[in-house]
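Below, each chain spelled out in residue letters.
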Amino acid sequence: MSVAMVGAGQLARMSWQAAISLDVELVCLGAADDAAGRVGVEIVGGSGYDREALRELARRGEVLTYEHELLDLDALAAIEAEGVAARPSAGLLRLAVDKVHQRRTLSAWGVTVPAFDPAPDTSAVERFAARRQWPVVIKARSGGYDGRGVWICEDMTAVEAAFEQAERGALELYVEEGVPLANELAIIVARAASGEIAVFEAVDTHQEDGMCREVVMPTTVGSALASQARDVAVEIAERGELQGLMAVELFVNRRGELLVNELALRTHNTGHIHTEASRVSQFEQHLRAVLNLPLGDPARAVPAAAMVNIIGPADGSDPADRLAAGLQVRSAHVHLYGKSPRPGRKLGHVTVCAPTPDEALQRARLAAAQMQGDA
Ligand SMILES: Nc1ncnc2c1ncn2[C@@H]1O[C@H](COP(=O)(O)OP(=O)(O)OP(=O)(O)O)[C@@H](O)[C@H]1O
Ligand SMILES: [Mg+2]
C-alpha cells in the first residue's frame, strides 16, 4: 500500500516510522533536506501551492494526505475531481485552513466556539471589544501556527500594533473573545472511510507564547469534561465525514465550560505522547485511517505520561549535541527531528511514562532541559 503526503517535516518523518512497520510506502512533498527527506523518505520536490507538484505527488500514492495545511485548496479540489482520493477531502480541509469558516461551520453544527467577528480594520475590533470586553484576541484567518498569527490584546494600542504586524505579512484578520482559561485540552480522533471511529484520551496541553510546550495525560480536568471533549471530537468527525485523523484543541474556561479553539486535520504536536503512552501511535492511526484499514486501539497503556518539546536554545546551540544528557534521565524517550537549530524552533520532544503525571512531567522536563542546555 502507498500513501502520498503533502509536507516532509517532522510529522512526515515520524509517519515514516509507522509506515515501515506496516510496509506502507510513503512519498512526501517537500525538499530533500526537510526532516523526512534527511532520513531517506522519498521526496517529490515542490510546494503545496504548486498544482503540478500536487498532481505528481498524488500519482505516487493510493491516497493523498497531509502533514500541514500549507496548500492550494482549489488545486487540491481540482485533482480530487480528477479522481484522486484526498483524505481528508479538500472540502473538510478548508475547515483547518480558514479559521473563520471553521468557527462558522462548528457553530452551525452546535459546537461551542469563542465569540468571533471578521476584523477588516481596527474599528471593527473596537466595536467588538465594546460589545464584549477586553482582552480580545486577534488572529490570522489562515496561515498561523505556533502562536504566529495570534495577538492577545488588552487595549487599542495593542490592536494597532497587531494590525501593523499583520499588514507586513498581508494577513486577513478576525477577532475573538479572550477566553479566561482554566485549562487547555487536546484530543485526537481517527475515522476511516468505513465509518469506524477511534478516539485517543484527551490530554492536558500547556502553551508558552502560543507554542505547545508540554502535554500530560491523564487529564486533570475530570472525567465529565474529558468525555464531553470526546463527544465533541466524535461529533465533528461524523458531521465532517472525516477520513483520516483530526486533532481538536479545546479551551476550558473558568466556568468549567468547553469551547473548541481549533482543528487540525492531521497528526499534531499534542499527539506525540501516544507513541509511548497509548496502544497505537497517532502516526500509525493516521495511516490506518486514510488507507481504510481497521483502526488501532487508542486506549492509554500506562498510568501516566508527559511530553515536553525540545526548543532551540537562545545561544543557537544544538540540543542533539547533548543527546547523552537527555538519555541519562530514566525512561526518557527522546525524539529528535534532525532540523538545524534556531532559537525558539521546535527541534524534538521527550516523552516519559511514569506511575503519576507529576513524576512523568518532572522527568520529561528534566530531559528536555538537559538537552536544551538549561539544566
Ligand atoms: N481566544 C483566546 N482566548 C485565550 N487564549 C487564547 C485564545 N486564542 C488563543 N489563545 C492562546 O494562544 C494559543 C495559540 O492559539 P491558537 O491555537 O489559536 O494558535 P495557532 O498559532 O494556530 O496554534 P497552533 O500552533 O496550535 O496551530 C492557544 O493555545 C491559547 O493558549
Ligand atoms: Mg493551537
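My aim in this report is to walk through the structure given alongside it, one point at a time. (Residues numbered from 1 in each chain as written. Chains lettered and ligands numbered in written order. Predicted model: local features only at pLDDT ≥ 70, side-chain atom pairs only at ≥ 80, totals over all residues. Heavy atoms only, no water.)

## Re the site of ligand 1
Our working rule: Each residue is tested against the molecule or strand, and it is near if at least one of its non-hydrogen atoms lies within 4 Å. Each polar contact in these results corresponds to two N or O atoms within 3.5 Å; when the atoms are within protein, one needs to be able to donate a hydrogen and the other to accept it, and residues that are neighboring in sequence are counted only if both atoms are side-chain atoms. Throughout, the Shrake-Rupley method with a 1.4 Å probe supplies accessible areas, and for residues the shown protein chains are the sole cover considered.
Within the structure, ligand 1 sits among 21 residues, and Lys139, Asp146, Gly147, Glu184 and Glu262 are positioned closest to it. One of the side-chain N or O atoms of Glu176 is found 2.8 Å from a nitrogen atom in ligand 1. Within the side chain of Glu262, a nitrogen or oxygen atom sits 2.7 Å from an oxygen atom of ligand 1. Burial of ligand 1 by the protein chains amounts to 89% of its free accessible area of 620 Å².

## As for the nonpolar core
Worth spelling out the cut-off: Here, the term nonpolar core denotes a set of buried Ala, Val, Leu, Ile, Met, Phe, Trp, Tyr and Cys residues that are joined through side-chain atoms within 4.5 Å. To sort residues, take the accessible area from a 1.4 Å probe on protein chains only and compare it with the maximum for the residue type: under 20% means buried, over 50% means exposed, and anything in between is partly exposed. Secondary structure is summarised from DSSP: a helix means a run of H or I of at least four residues, a strand means a run of E of at least two, and numbering begins at the N terminus for each. Contacts are residue-level and defined by heavy atoms, with any inter-residue pair within 4.5 Å sufficient.
Leu76, Ile236, Met246, Val248, Leu250 and Val260 are the most contacted members of the largest nonpolar core, which has 49 residues in total. Ranked by the residues each element gives to this core, the list is headed by helix H8 (residues 223–239), at seven residues. With residues up to four places along the chain from it excluded, the contact list for Leu250 reads Asn183, Glu184, Leu185, Ile187, Ala229, Val232, Leu258, Leu259, Val260 and Asn261.

## Here's the deal with unusual backbone geometry
Residue Pro88 is reached from Arg87 by a cis peptide bond, and omega for that bond is -5 degrees. Along the chain, the position of Pro88 falls in the loop between helix H3 (73–81) and helix H4 (90–97). Residue Pro135 is reached from Trp134 by a cis peptide bond, and omega for that bond is -5 degrees. In this fold, Pro135 is placed in the loop between helix H6 (122–131) and strand E6 (136–140). The phi dihedral of Glu241 falls on the positive side, at around 45 degrees, and the residue is not glycine. Structurally, the position occupied by Glu241 is in the loop between H8 and strand E13 (244–253). Residue Glu241 is classed as exposed on the basis of its relative accessible area of 58%. The residue Asn292 is not glycine, and still its phi comes out positive at about 55 degrees. With respect to the secondary-structure elements, Asn292 resides in the loop between helix H10 (282–290) and strand E15 (304–311).

## Regarding the side chain of Ser15
The topology assignment puts Ser15 in helix H1 (residues 10–22). Taking relative accessible area as the criterion, Ser15 reaches 1% and is therefore assigned buried. Excluding residues that lie within four positions of it along the chain, Ser15 makes contacts with Met5, Leu26, Phe283 and Leu287.

## Examining the sheet that holds strand E5 (residues 116–118)
Threshold: Strand pairing follows a simple DSSP-based rule, namely that at least 2 bridges must link the two strands. Between N-to-C directions, angles cover 0 to 180 degrees, with each direction set by a line fitted to C-alpha atoms, over the stretch in contact for helices.
Pairing is antiparallel in the open sheet, where four strands are placed in the order E5-E8-E6-E7. Either end of the sheet is taken by a strand with one partner, and the two such strands are E5 and strand E7 (150–153). The average angle at which neighbouring strand axes cross in this sheet is 20 degrees, direction not considered. Where E6 meets E7, four bridges bridge the pair, whose relative direction is antiparallel. Looking at the pairing, Val137 lines up with Ile152 of E7. Against the sheet, helix H7 (residues 156–168) makes contact with E6, E7 and strand E8 (173–177), and its axis sits at roughly 165 degrees relative to E7, the strand it touches most.

## Structural notes on the sheet that holds strand E4 (residues 63–66)
Strand order in the open sheet formed by four strands is E3-E2-E1-E4, and the pairing between neighbours is parallel. One side of each edge strand has no neighbouring strand; the edge strands of this open sheet are strand E3 (42–45) and E4. Within this sheet the neighbouring strands show an average axis-to-axis angle of 30 degrees, counted without direction. Most of the contacts of H10 go to E4, to which it runs at about 145 degrees, and overall it touches strand E1 (2–6) and E4.

## Brief notes about the pairing of E4
Each regular strand carries side chains that alternate between the two faces of the sheet. Neither face of E4 is exposed, since Val63 and Thr65 on one face and Leu64 and Tyr66 on the opposite face are all buried. Sheet analysis places E1 next to E4, joined by four bridges and oriented parallel. Each bridged residue has a counterpart across the sheet, and for Val3 the counterpart in E4 is Val63.

## Re the side chain of Glu284
For Glu284, the location among the structural elements is in helix H10. The buried category is assigned to Glu284, whose relative accessible area is 17%. In contact with Glu284, other than residues within four places in its own chain, are Ala18 and Leu22.

## Here we look at the pairing of E6
Within E6, five of the five residues are buried, which leaves the element mostly enclosed by the surrounding structure. In E6, alternate side chains face the same way, and those of Val136, Ile138 and Ala140 on one face and Val137 and Lys139 on the other are all buried. Examined bridge by bridge, E6 and E8 share five bridges and lie antiparallel to one another. Along E8, the bridge assignment pairs Val136 with Glu177.

## Quick look at H8
Put simply, the test is: An expected span of 1.5 Å times one less than the residue number is assigned to each helix.
Look at H8: 24 Å from first C-alpha to last across 17 residues, which is about the 24 Å you get at 1.5 Å a residue. Buried residues in H8 make contact with helix H5 (99–108), strand E9 (181–191), strand E10 (197–199), E13 and strand E14 (258–264). Glu241 sits one or two residues past H8 and shows a positive phi near 45 degrees.

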